[in-house]
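Each chain, written out:
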Amino acid sequence: MSEADELRHTVRQFLAAASPSGQVRDLMSTVEGYDALVWHQMAHDLGLHGIAVPEEFGGAGASFAELAIVFEEMGAALLCAPFFSTVALATQAILCSGDTVAMGDYLPRFVDGSMTATVILNSSLEAWDPQAVTLTARADGNGHRIHGDANLVLDGHTADVVLVAANTSAGTSLFAVAADADGLTREPLATLDRTRKVACLRFHDAPARLIGTDGDADAGLARTCDLAIAALAAEQVGGAQRCLDMAVGYAKERVQFGRTIGSFQAVKHRCADMLVLVEGARSAAIHAAESADGSDLPIAASVAKMACSEAFLQVALDNMRIHGGIGFTWEHDAHLYVRRAKATELIFGSPDHHAQRLAALAAP
């Protein structure tokens, strides 16, 4: 068994115990949306938070491709935790900032699970666009003050620190705002995907720490967004694979007219089409993860976002249809994957957005 297979097996076993369906449903009905004990187990016992963090900051120094395996398994389990916001967004934003002092201050606490974090790229959950940044920052003594509203922020109401993209007189900059900062108000929101929490954050001259160089955050935030998209694509593949497994398992067990429904040609063809979609999406997601350190990351990330978004949503819907009436009920998990699929299709750019982006990137 390769190291990647061992990692996958370990994470899958852990999530089977820590994130079964009943636990997911319990957590998604809470305000916090995650289990603090499981969070610390992931950090301390498995070391998942620091897989792709350099060793000098407490991490394992592994590649982003290995981290993508973790995201795939978490997507399959619909894990309720601020792992995506902390690891795929905040950790990458700090690493991409080039600020070694900030790396030393924040990354060890991200890695050991003692601090959760999130990132505000713009006022919503759209793909990175410096023109869409609406928050502003002004110098105030040795620090800065942030002003403005962010309507949709992943895990924004529970994050211990919020990394904020804001406009200054020098340009787009990255700032860190503590959860208890004066002038910061946070309101959890009810959303389609209840397994991933979202909040509205309002900044009224909240004190902030500059991360990196004032006015020089554009490139780092663009890369952060592409890495987050690659992680999200891996999540989508995991969710799609779980939906395929659920559909095939049910088709083998459900008997109708004296035969298992999996013996009917229409069901066979639908399951075969689902498999094709999942495998195609997996190829795109793997390529994006393996391109994390290369110049073709923007193209690979957009291809993965298109392929994985469309595959996950279609496979999740087909899984629900193969289950028939029971698949449409609240008691069955099929709808949870449909909700996750639709939500992940829209955040960080829809498939249409990334199709247009690809056209622009490929233009001579």
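Here the structure is a predicted model, which means the values were calculated and not measured.

## Overview of the overall build of the protein
Argument step 1. Helix and strand counts for the protein stand at eleven helices and nine strands.
Argument step 2. Whereas a compact globule of 364 residues would reach a radius of gyration of roughly 21 Å, the protein reaches 21 Å, a difference of no more than 12%.
Argument step 3. Within the protein, buried positions represent 52% of all 364 residues.
Argument step 4. Counting only contacts in the protein whose residues sit at least 6 apart along the sequence, the fraction spanning at least 24 positions is 75%.

## Some points on the UniProt feature "domain: Acyl-CoA dehydrogenase/oxidase N-terminal" (unreviewed entry) in the protein
Argument step 1. Feature annotation in UniProt assigns "domain: Acyl-CoA dehydrogenase/oxidase N-terminal" (unreviewed entry) to the following positions: residues 3-113.
Argument step 2. Annotated as residues 3-113, this span is 67% helix and 0% strand, and its ends, taken at the C-alpha atoms, are 24 Å apart.

## Overview of the domain arrangement of the protein
When the parts of a complex come together, some accessible area is lost, and that lost area is often used as the size of the interface.
Argument step 1. When cut into domains, the protein gives domain 1 (3-116), domain 2 (118-217) and domain 3 (219-362).
Argument step 2. Residue-level contacts link 15 residues of domain 2 with 18 residues of domain 3.
Argument step 3. Roughly 1,500 Å² of surface becomes buried between domain 2 and domain 3 when both sides are summed, with 64% attributable to carbon and sulfur atoms.
Argument step 4. In this assembly, domain 2 and domain 3 are joined by two salt bridges.
Argument step 5. We note a salt bridge from Asp193 to Arg340, for which the minimum N-O separation is 2.8 Å.
Argument step 6. Tallied by class, the residues present in the side of domain 2 that touches domain 3 amount to nine nonpolar, two polar and four charged.

## A look at the packing of aromatic side chains
Argument step 1. As enumerated under the stated definition, the model contains five aromatic pairs in all.
Argument step 2. Judged by centre distance (6.0 Å) and plane angle (65°), the ring pair of Tyr34 and Trp39 falls under edge-to-face.
Argument step 3. Aromatic rings pair up to connect Phe71, Phe83, Phe84 and Phe348 into one cluster.
Argument step 4. Lying across the ring of Trp330, Arg25 places its NZ or CZ 5.8 Å from the centre.
Argument step 5. Over the face of the ring belonging to Phe84 we find Arg196, whose NZ or CZ atom lies 5.0 Å from the ring centre.

## Let's talk about helix H4 (residues 64-77)
Argument step 1. For H4, spanning 14 residues, the distance from its first C-alpha to its last is 20 Å, which sits close to the expected 20 Å at 1.5 Å a residue.
Argument step 2. Of the residues making up H4, those classed as buried are Phe64, Leu67, Ala68, Ile69, Val70, Phe71, Glu72, Glu73, Met74, Gly75, Ala76 and Ala77.
Argument step 3. Leu78, located one to two residues past H4, shows a positive phi value of around 50°.

## Considerations on helix H7 (residues 218-253)
Argument step 1. Here H7 spans 53 Å end to end across 36 residues, near enough to the 52 Å set by a 1.5 Å rise per residue.
Argument step 2. Burial runs high along H7: 26 of the 36 residues are buried.

Rules and cut-offs
- Residues numbered from 1 in each chain as written.
- Predicted model: local features only at pLDDT ≥ 70, side-chain atom pairs only at ≥ 80, totals over all residues.
- Heavy atoms only, no water.
- Helix = DSSP H or I, 4+ residues; strand = E, 2+ residues; numbered from the N terminus.
- Rg over C-alpha atoms; globule rule 2.2 N^0.38 Å.
- Buried < 20%, exposed > 50% of the residue type's maximum accessible area, 1.4 Å probe, protein only.
- Contact = heavy atoms within 4.5 Å.
- UniProt positions renumbered as here; feature names shortened; annotations may be inferred.
- Domains from an automatic or database assignment.
- Buried area = accessible area lost by both parts, 1.4 Å probe.
- Salt bridge = Lys/Arg side-chain N within 4 Å of Asp/Glu carboxyl O.
- Nonpolar A, V, L, I, M, F, W, Y, C, P; charged D, E, K, R; others polar.
- Phe/Tyr/Trp six-rings, centres within 6.5 Å; stacked < 30°, edge-to-face > 60°.
- Lys NZ or Arg CZ within 6 Å of the ring centre and 35° of its normal.
- Expected span 1.5 Å × (residues − 1).

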